[in-house]
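# Breakdown of the fold
Below are the chains, spelled out letter by letter.
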Amino acid sequence: MKFVCSVVAILFVFAFPAEKMSAAEPQFRLRIMTYNIHHGEGTDGKVDLQRIAKVILARQPDLVALQEVDNQTKRTGGVDQAAELAKLTNLHGRFAKQIDYEGGEYGQAILSKYPIDELKVHVLPGRPEREQRIVGVATIKIDETALNFATTHLHHARNDLRLEQAVELNRLFRAELRPSIVVGDMNAVPAEETTVELAKEWTLTRGEHDGSESLLTYPSIKPTKQLDYIAARPASEWKLIEVEAIEEELASDHRPLLAVIEYTTPASPAKP
């Protein structure tokens, strides 16, 4: 199955009539992946982290966000999955806890080619009894640029909770001075209020909903919808180079999404 990837980019353009602006210059490119790994359980019912690691390694990403990650739970044999996947992929890894689960923890993880300076977990609004939702925000330095790389997994069952969580994500990052990337399983299709809300603040990789093919990520076998996204802000400082829903049916119930994005320095006034 081939995917024709089309992207809606939301750009905020401001006019400066009194002075000319020099062109922004590219600083670096990043290969970003988001992957809901279903605690390593594939569509064959087997838990296999090596299989997940092979999917990641095949695309050589710089930064990876993982959702549905177990940390020392009974159902997955007491394995620290974030640490194990970091070892298998030779990347730095950190776990972000959502809830206690089966004698251990359940949440998300970040893998990075670059050292992770710190990881903060912010609780998103919702109903804790229906699984607490979070955003895990890592601070990572690339060359001389410190940026935020965040993973999230929005509510699966209720549109109103997802929308509240999207509003909070926008609020958390609105005043952030560092360039930021947030990725994850938004549990929302491109036309839904949740993704429309996120697109107010972020350049968002979302397939168009005008009848053309989208970036379909779920279910992994014969996918019918896009639930997984990669978003960056400020929009004026990021350029999308390419994006792909990876054809992988076995390792998880979601397909991973990969984007190549380029960071540019903000445009500055041209010298007279």
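Residues numbered from 1 in each chain as written. Predicted model: local features only at pLDDT ≥ 70, side-chain atom pairs only at ≥ 80, totals over all residues. Heavy atoms only, no water.

The amide bond that connects Y218 to the next residue, P219, takes the cis arrangement and shows omega of -15°. Along the polypeptide, P219 turns up in the loop between strand 9 (203–204) and strand 10 (228–233). Here the residue pair R233 and P234 is connected by a cis peptide bond, since its omega of -5° sits within 30 degrees of zero. Structurally, P234 can be placed in the loop between strand 10 and strand 11 (238–245). Phi at E68 takes a positive value of approximately 60°, unusual for a residue other than glycine. If you trace the backbone, E68 turns up in strand 2 (residues 63–71). (Helix = DSSP H or I, 4+ residues; strand = E, 2+ residues; numbered from the N terminus.)

On to the sheet that holds strand 3 (residues 92–101). One open sheet accounts for six strands, arranged 3-4-2-1-12-11; its pairing is mixed. Edge positions in the open sheet fall to strand 3 and strand 11, since each of these has one partner strand only. For this sheet the average axis-to-axis angle between neighbouring strands, irrespective of direction, equals 20°. By the bridge criterion, eight bridges tie strand 1 (residues 26–36) to strand 12 (residues 257–264) in an arrangement that is antiparallel. Across the sheet, residue T34 finds its bridge partner in strand 12, namely L257. Relative to strand 1, helix 1 (residues 49–59) is tilted by about 160°, and along the sheet it contacts strand 1, strand 2, strand 4 (104–112), strand 11 and strand 12. (Pairing = 2+ DSSP bridges. Axes fitted to C-alpha atoms, helices over the stretch in contact; angles between N-to-C directions. Contact = heavy atoms within 4.5 Å.)

A sheet is described by the order of its strands in space; here six strands give the open sequence 5-6-7-8-10-9, paired in mixed fashion. Edge positions in the sheet fall to strand 5 (116–123) and strand 9, since each has one partner strand and no second. Alignment of strand 6 (residues 134–142) against strand 7 (residues 145–153), held across eight bridges, turns out to be antiparallel. Paired with V135 across the two strands is T152, which belongs to strand 7.

This part is about the side chain of H254. You can see H254 is positioned in the loop between strand 11 and strand 12. Overall, H254 belongs to the buried group, its relative accessible area being 4%. Excluding residues that lie within four positions of it along the chain, H254 makes contacts with Y35, N36, D185, T217, Y218, S220, L227, D228 and E248. (Buried < 20%, exposed > 50% of the residue type's maximum accessible area, 1.4 Å probe, protein only.)

Take the packing of aromatic side chains next. For any pair of aromatic rings, geometry is given as the distance between the ring centres together with the angle between the planes. Enumeration over the complete set of coordinates arrives at four aromatic pairs. For the ring pair Y101 and Y106, a centre distance of 6.0 Å and an interplane angle of 50° mean the geometry is tilted. Relative accessible area serves as the criterion here: at 29%, Y101 is assigned to the partly exposed category. Among the residues examined, Y106 registers a relative accessible area of 8% and is labelled buried. Both rings, one in W238 and one in Y263, keep their centres 5.0 Å apart while their planes meet at 55°; by these two values the pair is tilted. One end of the pair, W238, is in strand 11; the other, Y263, is in strand 12, and 25 residues separate them in sequence. Across this residue pair, the class does not change: W238 and Y263 are buried. Among the aromatic residues, those joined into a ring-pair cluster are F28, W238 and Y263. Directly above the aromatic system of W202 lies the positively charged group of R233, at a separation of 5.8 Å from the ring centroid. (Phe/Tyr/Trp six-rings, centres within 6.5 Å; stacked < 30°, edge-to-face > 60°. Lys NZ or Arg CZ within 6 Å of the ring centre and 35° of its normal.)

Note on placement: D228 falls in strand 10. No salt bridge is formed by the buried D228; its nearest oppositely charged neighbour, R255, is found at 9.7 Å. Looking at D228, its side chain comes within polar contact range of the side chain of T217, at 2.6 Å. Once you skip the residues sitting within four places of it in the chain, D228 turns out to touch T34, N36, Q67, G184, D185, T217, H254, R255 and L257. (Lys, Arg positive; Asp, Glu negative; His and termini not counted. Salt bridge = Lys/Arg side-chain N within 4 Å of Asp/Glu carboxyl O. Polar contact = N/O pair within 3.5 Å; in protein donor to acceptor, adjacent residues only side chain to side chain.)

By size, the foremost hydrophobic cluster in this structure holds 27 residues, and its most contacted members are L30, I32, F149, I181 and W238. Those residues within four positions of I32 in sequence are excluded, and the remaining contacts are L63, F149, I181, V183, I230, L257, L258, A259 and I261. Grouped together as the second largest cluster of nonpolar side chains are 21 residues, I37, I56, L91 and I246 included. (Core = buried A, V, L, I, M, F, W, Y, C linked by side-chain atoms within 4.5 Å.)

The end-to-end C-alpha distance of helix 3 (residues 159–174), which contains 16 residues, comes to 22 Å, matching closely the 22 Å that a straight helix rising 1.5 Å per residue would cover. Among the residues making up helix 3, those that are buried are L161, R162, Q165, A166, E168, L169, N170 and F173. Close packing links the buried residues of helix 3 with strand 6, strand 7, strand 8 (180–185), helix 4 (193–198) and strand 10. (Expected span 1.5 Å × (residues − 1).)

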